[in-house]
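In case you want the letters, here they are:
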Amino acid sequence: MLSRLKKARIDLATMHRLLPEAERIAQEQGDEYPSAEHLVAAALSLDDGIAAATLAAHGVDREGWLEAVRQQHHDALGSIGLHIGAAIPDQPLPAPESATGPLRSQRSFQDAFQRAVSLAKQERTPLTSAHVLLAAIQADHGTVARTLARLGLDPTALAAELRTHL
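Because the structure is a prediction, the values reported are computed rather than measured. (Residues numbered from 1 in each chain as written. Predicted model: local features only at pLDDT ≥ 70, side-chain atom pairs only at ≥ 80, totals over all residues. Heavy atoms only, no water.)

A. Structural view of the overall build of the protein chain. On a plain count of helices and strands, the protein chain comes out with eight helices and zero strands. Beginning at the N terminus, the succession of helices and strands in the protein chain can be written as α-α-α-α-α-α-α-α. Taking all 166 residues of the protein chain together, the buried fraction comes to 37%. For the protein chain, contacts bridging at least 24 residues in sequence account for 69% of all contacts bridging at least 6. Put simply, the protein chain shows about 9700 Å² of open surface, and 55% of that area lies on carbon and sulfur atoms. (Helix = DSSP H or I, 4+ residues; strand = E, 2+ residues; numbered from the N terminus. Buried < 20%, exposed > 50% of the residue type's maximum accessible area, 1.4 Å probe, protein only. Contact = heavy atoms within 4.5 Å. Areas by Shrake-Rupley, 256 points an atom, 1.4 Å probe, with all protein chains shown as cover.)

B. The arrangement of the pattern of salt bridges in detail. If you walk through the whole model with that rule in mind, you get seven salt bridges. In this structure, Glu21 and Arg62 form a salt bridge, with 2.7 Å as the shortest nitrogen-oxygen distance. Taken together, the residues Glu21 in helix α1 (residues 2-28) and Arg62 in helix α4 (residues 62-79) connect sequence positions 41 residues apart. Taking the relative accessible area as the measure of exposure, Arg62 reaches 21% and is therefore partly exposed. Taking the shortest distance from any N to any O, the salt bridge between Glu67 and Arg70 comes out at 3.1 Å. Here the residue Glu67 and the residue Arg70 both occupy positions in helix α4, the gap between them amounting to three residues, near one helical turn. Judged by relative accessible area, Arg70 falls into the partly exposed class, the value being 32%. One salt-bridge network, in which partners are shared between bridges, spans Glu21, Arg24, Glu28 and Arg62. (Salt bridge = Lys/Arg side-chain N within 4 Å of Asp/Glu carboxyl O.)

Next up, the structure:
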């Protein structure tokens with residue numbers, strides 16, 4: 001029982017850092033609610049360093065990930081005829097609001113986070129950035145999948161690398 005309590009304490013500490021960071025990143029990016037891509041970026045700052053090291057081995061750091069996400073969003077808007085850039089002056093985003101109340105998030109965030117928690121439970125290990133990244137890259141479509149493709153990363157190969165850390 002003590003080991004379950006210790007795992008629960010570690011999981012809570014991880015979530016306490018991960019979830020507000022994903023929300024902060026989303027707000028910095030101009031998104032009202034965090035999505036799976038923000039969860040990935042937040043996982044890259046977790047102390048265990050597994051997700052960060054895995055992506056770094058492929059030449060991707062947190063800023064590189066976020067830039068690829070921004071480009072993915074830009075391309076998606078362009079594909080439907082909306083062009084952002086030269087016509088809109090560069091204005092700073094409003095400062096992120098302090099988080100109050102429950103975390104509200106996009107469905108992709110909820111799905112990825114639930115998969116990450118489920119993976120950690122299956123492995124009977126504390127939640128790590130490996131679980132979060134592995135869960136996020138399992139989606140076959142969406143911003144995370146398109147961002148991985150933009151970066152030239154194979155989700156199957158990444159998953160195999162991440163599983164060695166579970």
